[in-house]
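Structural overview for review
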Amino acid sequence: MEFPPPYAVDVALSEHTHDRAGGRRTDQAWLDEVWADPATRVVVLAKGQFPVTDDGDVHWQPPADVPEGQKLFLGLVDDVPRFALVAEDVDEEHTWAMLWLAGPKLSKEDAGLLVHATALAEWHRAHRHCSRCGGVLQPMDAGHVLRCTSCDRQHFPRTDPAVIMLVTDGERALLGRQAAWPEGRYSTLAGFADPGESLEQAVAREVMEEVGVEVTDVTYFGNQPWPFPSSLMIGFFARAVTTEINVDGAEIEAARWFSREELKEEAEAGTLLLPGGISISRSLVEAWYGAPLPGQW
Ligand SMILES: [Zn+2]
């Protein structure tokens, strides 16, 4: 078999890049001007949710229609400024959706904007005080920087790198499951990179810790922003040097090797539930399998 597998798949949430127009973040006069323009479009975010239309699309509103809250400048789409507004709570006027559930139904453009907005909003929600002195933080740069009002330290949005990997012995792929999951659900192994660790080292360490398998030939596949709350999932293939499985019993309850035939048959029968279409985990599995697969969470 070729390694890495040749089948190319798109990774959801990674395909569209809007014009972030970062240079405008510090231009308060321009930000005020476009906020007063009824052509500007705003998505409201509250408690990790956003309003959707009856068709399931993102409900973009003019600035005059949205409640008070923290404004986040996302960028430009066809020269139209796009903002997110972080509100305290959802209202009863709209239907609200969560990105990780609604993502597959969104246009690529809206998915890209909502990933950006969700990552920033989650960062604001989790960072109320200065991590150095405990002072109050004040947003600046259209929501992309937080400045401490006591010690003046600037805080920037953080992204936590996590590795996610499909381990193969050439003929079979290794998938694992967590105890809390419904019966039949399996996924690729994953874990956060440790401080001072390379991504390749993190792949090898996590696989050894979770299932006791030694791997080599760690090969980059693709990456996916996963702002729930702040991860960047970095996908790899890895080749197994050993095949005996010893699960840690903590993060991973069970793991097993799947041939391509087993993957297909069990997914079709509904006894194997693979990760959802929006996840890079599914992209990894389908890239290795060589085609789309049925059955998902
Ligand atoms: Zn401070």
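Above this note sits the structure.
My aim in this report is to walk through the structure given alongside it, one point at a time. (Residues numbered from 1 in each chain as written. Predicted model: local features only at pLDDT ≥ 70, side-chain atom pairs only at ≥ 80, totals over all residues. Heavy atoms only, no water.)

**A closer look at the packing of aromatic side chains**
With the rule as written, the count across this model stands at 7 aromatic pairs. Between Phe-73 and Phe-83, the aromatic rings sit 5.3 Å apart at their centres with planes inclined by 55°, giving tilted as the arrangement. Of the two residues, Phe-73 is situated in strand 3 (residues 70-77) and Phe-83 in strand 4 (residues 80-86); the sequence distance between them amounts to 10 residues. For the pair Phe-73 and Phe-83, a shared accessibility class is recorded, and that class is buried. Through pairs of rings, three or more aromatic residues link up here, namely Trp-30, Trp-35, Phe-73 and Phe-83. In this structure, Arg-177 is placed above the aromatic ring of Tyr-186, and the distance from its NZ or CZ to the ring centre is 6.0 Å. (Phe/Tyr/Trp six-rings, centres within 6.5 Å; stacked < 30°, edge-to-face > 60°. Helix = DSSP H or I, 4+ residues; strand = E, 2+ residues; numbered from the N terminus. Buried < 20%, exposed > 50% of the residue type's maximum accessible area, 1.4 Å probe, protein only. Lys NZ or Arg CZ within 6 Å of the ring centre and 35° of its normal.)

**Topic: the coordination of the zinc ion**
Of the protein atoms, only Cys-130 (SG), Cys-133 (SG), Cys-148 (SG) and Cys-151 (SG) coordinate the zinc ion, at distances of 2.3 to 2.4 Å. Every donor counted, the 4 donor atoms about the zinc ion form angles of 99 to 115° at the centre, which fits tetrahedral coordination. All donors of the zinc ion come from a single chain, and their spacing in sequence reads C-x2-C-x14-C-x2-C. Here Cys-148 lies in strand 7 (residues 145-148) and Cys-130 lies in the loop between helix 3 (108-126) and strand 6 (137-140), a separation of 18 residues in the sequence. In terms of burial, Cys-130 and Cys-148 fall into one category: buried. (Donors = N, O, S within 2.8 Å, 3.2 Å for Na, K, Ca; no water. Tetrahedral: all angles 85-135°; square planar, octahedral: opposite > 155°, others 65-115°.)

**Observations regarding a nonpolar patch on the surface**
Together, Met-98, Trp-100 and Leu-101 make up a nonpolar patch on the protein surface, roughly 300 Å² of accessible area in all. One can find Met-98 in strand 5 (residues 95-98). The exposure class of Met-98 is partly exposed, given its relative accessible area of 34%. (Patch = residues over 30% accessible without salt bridge, like charges linked within 9 Å, V, L, I, M, F, W, Y side chains within 5 Å. Areas by Shrake-Rupley, 256 points an atom, 1.4 Å probe, with all protein chains shown as cover. Salt bridge = Lys/Arg side-chain N within 4 Å of Asp/Glu carboxyl O.)

**Quick look at the pairing of strand 13 (residues 231-240)**
Counted residue by residue, strand 13 has 8 buried out of 10 residues, so it is predominantly covered. Examined bridge by bridge, strand 9 (residues 160-168) and strand 13 share 9 bridges and lie parallel to one another. Bridge pairing in strand 13 links Met-165 to Phe-236. Relative to strand 13, strand 12 (residues 215-226) runs antiparallel, the two being bridged by 9 bridges. Pairing of Thr-216 across the sheet is with Arg-239, part of strand 13. Linking strand 12 to strand 13, which pair antiparallel, is a turn of 4 residues. (Pairing = 2+ DSSP bridges.)

**Examining the nonpolar core**
Val-43, Leu-45, Phe-50, Val-58, Trp-60, Ala-84 and Leu-114 are the most contacted members of the largest nonpolar core, which totals 29 residues. When residues of this core are traced back to their parent elements, those giving at least two are strand 1 (41-45), strand 2 (49-52), strand 3, helix 2 (99-102), helix 3 and strand 7. Examining the composition of this core, we find that 8 residues originate from one element, helix 3, more than from any other. By size, the runner-up hydrophobic cluster in this structure holds 22 residues, among which are Val-9, Leu-263, Ile-280 and Tyr-289. (Core = buried A, V, L, I, M, F, W, Y, C linked by side-chain atoms within 4.5 Å.)

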